[in-house]
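Per-entry structural report
The chain contents come next:
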Amino acid sequence: MSDTKEPAPPVRAADRPPVPGRVLFDPLRPVDKPQDYYDRIKQKFAEARDLRLSYRPEGRSQYTSDLTGDLARYEIDPHAEAPESRDPITDTVECLFIGGGFSALLTAARLRERGVQSIRIVERGGDVGGTWYWNRYPGVACDVSAYDYLPLLDEMNYVPGSFYAKGPEIFAHCQAIARRYDLYDLAVFQTTVTSTTWDAKAKLWRIGTDRGDMMSARFVICANGTLSKPKLSKIDGMERFEGYSFHSSRFDYNYTNDDLSGLQDKVIGIIGTGASAVQIIPRVAKAAKELYVFQRTPSAIDIRDDTATDPQWAAGLQPGWQRERREKHMRGPILTEQQKIDLANLPREEKIRRQENQNIEHMMRIHRRVEEIVQDKATAEALKPWYMHRCKRPCYDDEYLPAFNRPNVHLVDTNGRGITEVNKNGPVFDGREYPLDVLIYATGFEVQVTGIYNEIRGENGLELNEKYADGMRTVFGIHSQGYPNLFIMGGYQASFQFNLTFMLQTQGDHIADCIQYVREHGFTTIDAAPETEQWWVDEVIRNRGKTNRNKECTPGYYNFEGESNRRQDGNYNGSFLQYYTHMTEVKKEMERHFRFG
Ligand code: NDP
């Protein structure tokens, strides 16, 4: 008798046991430690936040994204040759997208499905892809399951190769969408839109660019992304650094070589320890002679445990499988009748307290993980994040913490202060100079700026930011009255999701429905009705600031670096389902909510 065993069936990546870091906080689950334990930790969180705020009371203005003059080189595209000169474009298209990332691609796909022929993408980079065009640093990957993050999987008949997709796979998916929906035909790359002006007489948008174009379009979709413009911390002397330096989103393989062999005799420094740096650090650590990590606030690092997609599972997927996942995600966990009653009977304060306590337990598990992995005690202590889960973007990487056990990796923990000085040799902290050959700025991006690089003038010539001077005013973050036929994606007053592409697809579907409505009803323009705009502003205000959570968080871009901001100038904090349901309801009465011309 043979004793060969049947091989164990592969775990279906989508059905594997949940990663502990992804647990949902459950207000029905009481915690088991005395409240005093949680209060003490919460107090430490508050001290860590206050320390950072004391160093940087200026909030967002600690950063600059004005990358001109000496700083202009931080925005140069290392992935494309310098643009060739071309004649200005002066034609008219029906739909024009400012930006060629996922927002544009998934909306354009819906427009094609509705019969729109004339679609142009105008993109600053040398190809479509947005985030995934620019961010090509070593280790770049997405932290959301690929089956959820990559859009249009049903339509593209594509199943990602593993639970988490890496940057090149995502970029290739973007290109495949552009090919499948013929979006390259009219696309214009290496071109930045600088002005978008409504011509009321012609009922067209006139679009000026940095290449001297003056294009026209019936509809304009601002698809410039949520985190697209690199920003730098304002550090004294940074322009005097004589080594080589670049921003994480402009990772320069011309300098490092594709296999990073160009770094083997180099001393590298990286400023920042956010989601980008967490992916870069372990890979550069292996390639560099020495790596100095300049940390201001540690990220929370959880288990990644990526798995390849089971081909049998993939082959058995039925059409519409991704749509079903998206709807399930939007509905959230399904509660039993008893759970619903228990939840309704739980006092609000107790609900918040339990959520906070569970959050603290989660963060203490993150701390234990650091202790288990990082050998040097002082380094381990410095890598522990002291804030609530999701005050900052949580990270998932199995190689980050072990990188600090390497003899060539050095953590320079600034305990909240940050690097404030760079001289010709490198950063200076606490009186010590750190001479470097290469300095990487992983200091993030401008957040959710609609008219980035661009000036948007609607009816009466009013610039969009002038309209917003007394507070943002939109419907769903997408329409703003006085800006007919203009649609904004990924801006404030919209829902914000960890899986951004679900949210963008919801917006893209809505925009395509609106354009279809205009076309099918023989109209030329659509604009938000003032009453609907007021209703939405009120709805945003009503749903913001329900708890002190944002204020209590350590500063970061999620809470405007600790600045207090007007309640209407942020994301819509009703649920994603509520956002979607409102949209569906509005579309049942289009002529009540919009003005058509
Ligand atoms: P972030 O804005 O998240 O991080 C910037 C980092 O720079 C922070 O650690 C910040 O510290 C630090 N910093 C700023 N100034 C200084 C200074 N003077 N000295 C030392 N440190 C400094 O940018 P990222 O590019 O990392 O990430 C941006 C977003 O992009 C993420 O939140 C995520 O949404 C997305 N992303 C997603 C990825 C994924 O799915 N895996 C990967 C990469 C990015 P402090 O915390 O104290 O402010």
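Rules used throughout
The written sequence of each chain sets the order in which its residues are numbered from 1. Residue-level local features of this predicted model are given only where pLDDT is at least 70; pairs of side-chain atoms are given and counted only at 80 or more, and the full residue set underlies all totals for whole chains, interfaces and linings. Think of the side-chain values as coming from all heavy atoms in the structure, minus any hydrogens and water. Helix numbers and strand numbers start at the N terminus; a helix is a DSSP run of H or I with at least 4 residues, a strand a run of E with at least 2. Exposed residues in this analysis have more than 50% of their type's maximum accessible area, buried residues have under 20%, and partly exposed residues fall in between, with area computed by a 1.4 Å probe over protein chains only. Between two residues, a contact is recorded if the distance between any of their heavy atoms is within 4.5 Å. Charge assignment in this entry is limited to Lys and Arg as positive and Asp and Glu as negative, and neither His nor the chain termini are counted. Charge positions are represented by NZ for Lys, CZ for Arg, CG for Asp and CD for Glu. Cysteine sulfur pairs qualify as disulfides if the two atoms are within 2.5 Å. Residues are counted as near a molecule or strand when any one of their heavy atoms sits within 4 Å of it. Definition of a polar contact: a pair of N or O atoms within 3.5 Å, with one able to donate and the other able to accept a hydrogen when the atoms are protein atoms, and with sequence-neighbouring residues admitted only if both atoms are side-chain atoms. To be clear on the numbers: accessible area is Shrake-Rupley with a 1.4 Å probe, and residue cover counts the displayed protein chains and nothing else. Three classes are used, and their members are as follows: Ala, Val, Leu, Ile, Met, Phe, Trp, Tyr, Cys and Pro are nonpolar, Asp, Glu, Lys and Arg are charged, and the others, Gly among them, are polar. For this analysis, a ring pair means two rings from Phe, Tyr or Trp (six-membered ring only for Trp) whose centres lie within 6.5 Å, classed as stacked if their planes differ by under 30 degrees, edge-to-face if by over 60, and tilted for the remaining angles. A ring has a charge above it when a Lys NZ or an Arg CZ is no more than 6 Å from the ring centre and no more than 35 degrees off the ring normal. What makes a salt bridge here is a side-chain nitrogen of Lys or Arg within 4 Å of a carboxyl oxygen of Asp or Glu, nothing more. DSSP-based pairing: two strands are paired if at least 2 bridges between them are found. Whenever a helix is involved, its axis is fitted only over the stretch in contact; in every case the axis is a line through C-alpha atoms, and angles between N-to-C directions fall within 0 to 180 degrees. In this scheme, roughly parallel covers angles under 35 degrees and roughly antiparallel covers those over 145, while 65 to 115 is roughly perpendicular and the rest are oblique.

Glancing now at the overall build of the protein chain. In terms of regular secondary structure, the protein chain is built from 20 helices and 23 strands. Seen along its three principal axes, the alpha-carbon backbone of the protein chain occupies a region of about 70 × 70 × 65 Å. Per-residue burial for the protein chain yields a buried fraction of 54% across its 597 residues. Look at the contacts in the protein chain between residues 6 or more apart in sequence, and 76% of them connect residues 24 or more apart. Side chains of the protein chain give 77 positive and 85 negative charges; the mean places of these two sets differ by 3 Å.

Positive phi is not limited to glycine here, since Lys203 has a value of about 55 degrees. Inspection of the secondary structure puts Lys203 in the loop between β6 (193–199) and β7 (204–209). Its identity is not glycine, yet Phe476 carries a phi of approximately 60 degrees, on the positive side. On the secondary structure map, Phe476 appears in the loop between α15 (464–467) and β21 (486–488). Take Phe476: its relative accessible area is 0%, and that puts it in the buried class.

Taken as a whole, this structure holds one disulfide when the rule is applied. Shown here is the disulfide that connects Cys391 with Cys553, its sulfur atoms set 1.9 Å apart. Handedness of the Cys391-Cys553 disulfide follows from its S-S torsion of about -75 degrees: it is left-handed. Of the two residues, Cys391 sits in the loop between α13 (377–382) and β14 (395–396) while Cys553 sits in the loop between α18 (549–552) and α19 (576–588), which places them 162 residues apart along the sequence. With respect to class, Cys391 is no different from Cys553; both count as buried. As a non-bridged cysteine, Cys95 has Cys514 as the owner of its nearest cysteine sulfur, 12 Å distant. Judged by relative accessible area, which is 0%, Cys514 ranks as buried.

Glancing now at the site of the ligand. Neighbouring the ligand are 27 residues, the closest being Ser276, Arg296, Thr297, Lys392 and Tyr557. One of the side-chain nitrogen or oxygen atoms of Ser276 is found 2.6 Å away from an oxygen atom of the ligand. Here the ligand has 920 Å² of accessible area as a free molecule, and 91% of this is covered by the chains. For the shell around the ligand, the elements supplying multiple residues, two or more each, are β4 (141–145) and α8 (275–287). Considered class by class, the residues forming the shell around the ligand number 13 nonpolar, ten polar and four charged.

On inspection of all chains with the given rule, the structure shows 34 aromatic pairs. Look at Phe45 and Trp386: their rings are 6.3 Å apart centre to centre, the planes differ by 65 degrees, and that puts the pair in the edge-to-face class. Placement of Phe45 in helix α1 (residues 35–55) and of Trp386 in the loop between α13 and β14 is noted, with a sequence separation of 341 residues between them. Look at Phe45 and you get buried, because its relative accessible area is 4%. Over the aromatic face of Trp386 sits the side chain of Lys44, whose NZ or CZ is 4.0 Å from the ring centroid.

Tallying each qualifying case throughout the model produces 42 salt bridges. Across the salt bridge formed by Glu94 and Arg519, the nearest N and O atoms sit 2.8 Å from each other. Residue Glu94 is located in strand β2 (residues 92–98), and its partner Arg519 is located in helix α16 (residues 500–520); the two are separated by 425 residues in the primary sequence. A relative accessible area of 34% places Arg519 in the partly exposed class. Here Arg283 and Glu399 are joined by a salt bridge, their closest N and O atoms 3.3 Å apart. Linking Arg283 in helix α8 with Glu399 in the loop between β14 and α14 (400–403), this pair joins segments that are 116 residues apart in sequence. Look at the salt bridges and you will find they share partners, linking Arg110, Glu113, Glu155, Arg326 and Asp509 into a network.

Moving on, we come to the sheet that holds strand β17 (residues 427–429). Taken in spatial order, the three strands line up as β16-β17-β18 in an open sheet, and their pairing is antiparallel. Both outer strands of the open sheet, β16 (421–422) and β18 (432–433), are each paired with one neighbouring strand and no more. Of the strand pairs in this sheet, β16 and β17 are connected by two bridges, and their pairing is antiparallel. If you follow Glu421 over to β17, its bridge partner there is Val428.

The next thing to look at is the packing of α16 against α19. Two elements in contact, α16 and α19, have axes whose closest approach is 11 Å; the angle formed by their N-to-C orientations is 5 degrees. Taken together, the axes of α16 and α19 are roughly parallel relative to one another. Across the interface between the two elements, Phe502, Met503, Thr506, Gln507, Asp509, His510 and Asp513 from α16 touch Phe576, Tyr579, Tyr580, Met583 and Lys587 from α19.

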